Amino acid sequence: MSSLALTALAGLFAVVCGMNDGGALLATGLKIPSVRPVTGVLMMMAALTLVPPVAHQVALTFTTRLTTMDGPEGRLVMAIAVLSALAVVMFLSSRGRPTSLTLAIVGALTGADLGWGLPVAYEYVLFVLAVALAAPFVGALLAVPAGILLVRVARGRRLRHWHRAGFTLQCLAYAANDGQKMLAVFMLALGISGAPLSTCFAMAGLFGAGAVYGLPRAGRLLSREIIVSRPLHGVTAELSTGTAVIGCAALGAPVSMTQTIAGALIGAGMTESTGRVRWHAATKIVMAWALTLPVSGLLAAAAALIVRGLIA
């Protein structure tokens, strides 16, 4: 598969990441005017441009531990995996169900490897699954002390300052961890082992375009449907999510920002009353997460088998 086609595919992946993840990142603060959506998109783009060149351990983990793809054949398998992951995520996003792109790409890479007859790093797949399972619970647990702290120190206009700090932390955490799946795809497509500034700049621009497009659906789900949200809940979720995801980045462990945000919002709501959580909407999100990895894996495995049979 040509480098141009793979680069275009990596660009499409960045746009879909923006649609799925960017809207979720902005959703927590929609009820607080201190960071407007346009400003928020620019902050996310700045983080994605500046952080990866100095901290891309998670992207390297993706490219060295999860796949053994080399040469033209390996690039074709990678393309099959990315297309399969995109198909699943775009289907769910079109129905207002932002899911974990981390789970999607891990499942698709595993399925593509199996379908093509390549070795699979099962221990790393299990590691990613364990982290994905823990992420929403960690976000929910951290939301409890964060909510208590904010009730004591963030009164009136002070909440806006905490919102700016929390959103900034969330942007940095995303760029250092979950956002690096985009960088990993670009690294595989371009055959590079680092994070050139030009690549990060292009990646950030494409992500920003997707975030603007995807904000209405993801924002509505996370800021209105999952809990009866107040501004305090959004800031609580930002602080707890940013802290959890940065901790995972320090360990080189990929984690889903969307999952962690959803868990943190539920935790923030439950600190006041379980009645604030709309469990029907929360159940739909959990179902989307549960389906993402196996469906991506099965789709990629089937596609790899078909393509391998056609070119054999």
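From a predicted model like this one, the values you see are computed outputs, not experimental measurements. (Residues numbered from 1 in each chain as written. Predicted model: local features only at pLDDT ≥ 70, side-chain atom pairs only at ≥ 80, totals over all residues. Heavy atoms only, no water.)

**Some details on the packing of helix H5 (residues 101–116) against helix H12 (residues 279–311)**
Where H5 meets H12, the axes come as close as 7 Å, and the angle between the chain directions of the two elements is 30°. Here H12 runs roughly parallel to H5, going by the angle between their axes. In this structure, H5 meets H12 at a crossing whose hand is right-handed. Packed against H5, whose contacting residues are Leu103, Ala104, Val106, Gly107, Ala108, Gly111, Ala112, Gly115 and Trp116, the element H12 presents Trp289, Thr292, Leu293, Ser296, Gly297, Ala300, Ala301, Ala304, Leu305, Val307, Arg308 and Ile311 at the interface. Taken together, the residues that form the contact of H5 with H12 break down as 14 nonpolar, six polar and one charged. (Axes fitted to C-alpha atoms, helices over the stretch in contact; angles between N-to-C directions. Helix = DSSP H or I, 4+ residues; strand = E, 2+ residues; numbered from the N terminus. Parallel < 35°, antiparallel > 145°, perpendicular 65-115°, else oblique. Left-handed = near helix turned anticlockwise from the far one by under 90°. Contact = heavy atoms within 4.5 Å. Nonpolar A, V, L, I, M, F, W, Y, C, P; charged D, E, K, R; others polar.)

**Focus: the side chain of serine 256**
Among the secondary structure elements, serine 256 is positioned in the loop between helix H10 (231–250) and helix H11 (257–270). Of the polar contacts made by the side chain of serine 256, one reaches the backbone nitrogen of threonine 258; its length is 3.5 Å. With near-sequence residues (within four places) excluded, serine 256 lies in contact with Ser100, Thr102 and Asp178. (Polar contact = N/O pair within 3.5 Å; in protein donor to acceptor, adjacent residues only side chain to side chain.)

**Some remarks on the packing of aromatic side chains**
Inspection of the entire model under this criterion finds two aromatic pairs. With a centroid separation of 5.5 Å and an interplanar angle of 40°, the aromatic rings of tyrosine 174 and phenylalanine 207 are classed as tilted. In this pair, tyrosine 174 sits in helix H7 (residues 158–176) while phenylalanine 207 sits in helix H9 (residues 197–225), placing the two residues 33 residues apart along the sequence. You can call tyrosine 174 buried: its relative accessible area is 1%. (Phe/Tyr/Trp six-rings, centres within 6.5 Å; stacked < 30°, edge-to-face > 60°. Buried < 20%, exposed > 50% of the residue type's maximum accessible area, 1.4 Å probe, protein only.)

**Some thoughts on the nonpolar core**
Counting 87 residues, the largest nonpolar core has Phe13, Met44 and Met182 as its most contacted members. At 10 residues, helix H1 (residues 3–27) tops the list of elements feeding residues into this core. Every residue in contact with phenylalanine 13, bar those within four places of it in the chain, is listed here: Val82, Leu86, Leu101, Ile105, Lys181, Met182 and Val185. Membership of the second largest hydrophobic core comes to seven residues, among which are Leu150, Ala154, Leu159 and Leu232. (Core = buried A, V, L, I, M, F, W, Y, C linked by side-chain atoms within 4.5 Å.)

**A closer look at the UniProt feature "transmembrane region" (unreviewed entry) in the protein**
Under the UniProt annotation, the feature "transmembrane region" (unreviewed entry) is placed at residues 37–55, 76–93, 124–151, 183–213 and 286–307. Summarising residues 124–151: 100% helix, 0% strand, and an end-to-end C-alpha distance of 40 Å. Each end of residues 286–307 is marked by a C-alpha atom, and these two atoms are 32 Å apart; helix forms 100% of the span and strand 0%. (UniProt positions renumbered as here; feature names shortened; annotations may be inferred.)

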